[in-house]
Amino acid sequence: MHAQVELPKAFSVRDEHEFYPIQHLMARLNPKLMVKQMATGKHVHGGGTVFWGLVFQEGKTPDKAQVESALREAGFDFAHNVLTQAAFMWSDHSVVGDREK
């Protein structure tokens, strides 16, 4: 079976410890898929604060507009949340996911 997915894609989890299983799954699907925790904040439909992550291809670090677009598509509430951890990705490319370049 083949599937085509546009990257980057954002997602949310309730507990930051849930990132490891997602990183493991992405690595099993394709070793070039990277997972990075991006922010904490609420979903546009409410609820509690969650952790937001991003899946992207190694070597193709998304720019700020791509990250914001992926987060917006996933439901990140830009009206009430502020991206803080995402600044890391746009300024420091030495560490991607759990691997160092």
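Rules used throughout
- Residues numbered from 1 in each chain as written.
- Predicted model: local features only at pLDDT ≥ 70, side-chain atom pairs only at ≥ 80, totals over all residues.
- Heavy atoms only, no water.
- Salt bridge = Lys/Arg side-chain N within 4 Å of Asp/Glu carboxyl O.
- Helix = DSSP H or I, 4+ residues; strand = E, 2+ residues; numbered from the N terminus.
- Buried < 20%, exposed > 50% of the residue type's maximum accessible area, 1.4 Å probe, protein only.

Participant: Which residues make up the pattern of salt bridges, and what values do they have?
Facilitator: A complete count under the given rule lists one salt bridge for this structure. Between Lys9 and Glu73 there is a salt bridge; the shortest N-O distance is 3.0 Å. Residue Lys9 is found in strand β1 (residues 9–13), and its partner Glu73 is found in helix α2 (residues 64–74); the two are separated by 64 residues along the sequence. Judged by its relative accessible area of 58%, Glu73 is exposed.

Participant: Report on the environment of Glu6, specifying residues and quantitative values.
Facilitator: Examined against the element boundaries, Glu6 turns out to sit in the segment before β1. Owing to a relative accessible area of 68%, Glu6 belongs among the exposed residues under this scheme.

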